[in-house]
Amino acid sequence: MRPSHKAFSAGVLDSSRAGLLQTPKPLFQEHPNPVLRLLPFTEVIPIRPLLFIPKKGKGISMSTKLYVGNLAFQTTSQELQELFASAGTVESAAVVEDRDTGRSRGFGFVEMSTKEEGAAAISQFNGKEVNGRALNVNEAKPRENRAGGGGGRGFGGGGGRG
């Protein structure tokens, strides 16, 4: 039996529907401003089907980000991607450039689609000579928080009398 409209406008949820709520709870309170009063509920949606629950079985294969150091300064991101494509699927490849000049800083990052491909790329390219330079390839570490802003004050940075 469905409750009357008055039961909803009083702010009480019908608990007779299985699996929703065991005890009646107020859904809203009356507000003196008519614009801010909530409309009465006409349908109750169970919460459980709305939750995201990952499927069991095959796990999602996570990508691996690699650090590539000792790059020749003329190496481009496109060349880096083409080089590492022989080890597997390259999700992204980027040579890090200087902010002011736009020139390569001699290192970059390559993201391989799986951990296995990342390990294969490390074993294949670490120490390999490319454009006259032996590459340094390993798994990228998370970036550390660095103090920024400079200013030259504190920690023996001069400027003070003493």
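Please refer to the structure higher up on the page.
Residues numbered from 1 in each chain as written. Predicted model: local features only at pLDDT ≥ 70, side-chain atom pairs only at ≥ 80, totals over all residues. Heavy atoms only, no water.

1. Focus: the overall build of the protein
Phase 1 of the analysis: If you tally the helices and strands in the protein, you get three helices and six strands.
Phase 2 of the analysis: Secondary structure elements of the protein, listed N to C terminal, follow the sequence α-β-α-β-β-α-β-β-β.
Phase 3 of the analysis: Looking at the protein residue by residue over its 162 residues, the buried ones come to 22%.
Phase 4 of the analysis: For the protein, the share of sequence-separated contacts (at least 6 apart) that also reach a separation of at least 24 residues comes to 56%.
Phase 5 of the analysis: For the protein, the exposed surface amounts to about 12900 Å²; the carbon and sulfur share of it is 54%. (Helix = DSSP H or I, 4+ residues; strand = E, 2+ residues; numbered from the N terminus. Buried < 20%, exposed > 50% of the residue type's maximum accessible area, 1.4 Å probe, protein only. Contact = heavy atoms within 4.5 Å. Areas by Shrake-Rupley, 256 points an atom, 1.4 Å probe, with all protein chains shown as cover.)

2. What to know about unusual backbone geometry
Phase 1 of the analysis: One non-glycine residue, Asn70, lies in positive phi territory at about 65°.
Phase 2 of the analysis: Structurally, Asn70 can be placed in the loop between β1 (64-69) and α2 (77-84).
Phase 3 of the analysis: Unlike most non-glycine residues, Asn131 shows phi in positive territory, near 55°.
Phase 4 of the analysis: Checked against the element boundaries, Asn131 lands in the loop between β4 (129-130) and β5 (133-134).

3. What to know about the environment of Asn126
Phase 1 of the analysis: Looking at the secondary structure, you find Asn126 in the loop between α3 (115-125) and β4.
Phase 2 of the analysis: For the pair formed by Asn126 and Val68, sequence separation is 58 residues and the distance between their alpha carbons is 8.5 Å.
Phase 3 of the analysis: Each residue touching Asn126, except ones within four places of it in the same chain, is listed here: Ala121, Leu135, Asn136 and Val137.

4. Points about α3
Phase 1 of the analysis: Those residues of α3 that fall on the buried side of the exposure criterion are Glu117, Gly118, Ala121 and Phe125. The buried residues of α3 occupy one face: seen down the axis, they fall within an arc of 105°. Pointing more than 90 degrees away from the buried face of α3 are the exposed residues Glu116 and Ser123.
Phase 2 of the analysis: In this structure, the buried side of α3 is in contact with β1, α2, β3 (104-112) and β6 (136-139).
Phase 3 of the analysis: Gly127 sits one or two residues past α3 and shows a positive phi near 90°. (Arc of directions from axis to C-beta.)

5. Re the nonpolar core
Phase 1 of the analysis: The biggest cluster of nonpolar side chains holds 16 residues, and the ones touching the most others in it are Val68, Leu80, Phe84, Val110 and Met112.
Phase 2 of the analysis: Elements with a contribution of two residues or more to this core: β1, α2, β2 (90-97), β3 and α3.
Phase 3 of the analysis: With three residues, β2 is the largest single contributor of residues to this core.
Phase 4 of the analysis: For Met112, the residues in contact, after removing those within four places along its chain, are Ser63, Thr64, Leu66, Phe84, Ala87, Gly88, Thr89, Val90, Glu91, Glu117, Gly118 and Ala121. (Core = buried A, V, L, I, M, F, W, Y, C linked by side-chain atoms within 4.5 Å.)

6. Brief notes about the sheet that holds β1
Phase 1 of the analysis: Read across the sheet, four strands follow the order β2-β3-β1-β6 without closing on themselves; strand pairing throughout is antiparallel. Each edge of the open sheet carries a strand with a single partner, namely β2 and β6. Within the sheet, the average angular offset between the axes of one strand and its neighbour, ignoring direction, is 20°.
Phase 2 of the analysis: Sitting on the sheet, α2 touches β1, β2, β3 and β6, and the angle it makes with β2 is about 140°. (Pairing = 2+ DSSP bridges. Axes fitted to C-alpha atoms, helices over the stretch in contact; angles between N-to-C directions.)

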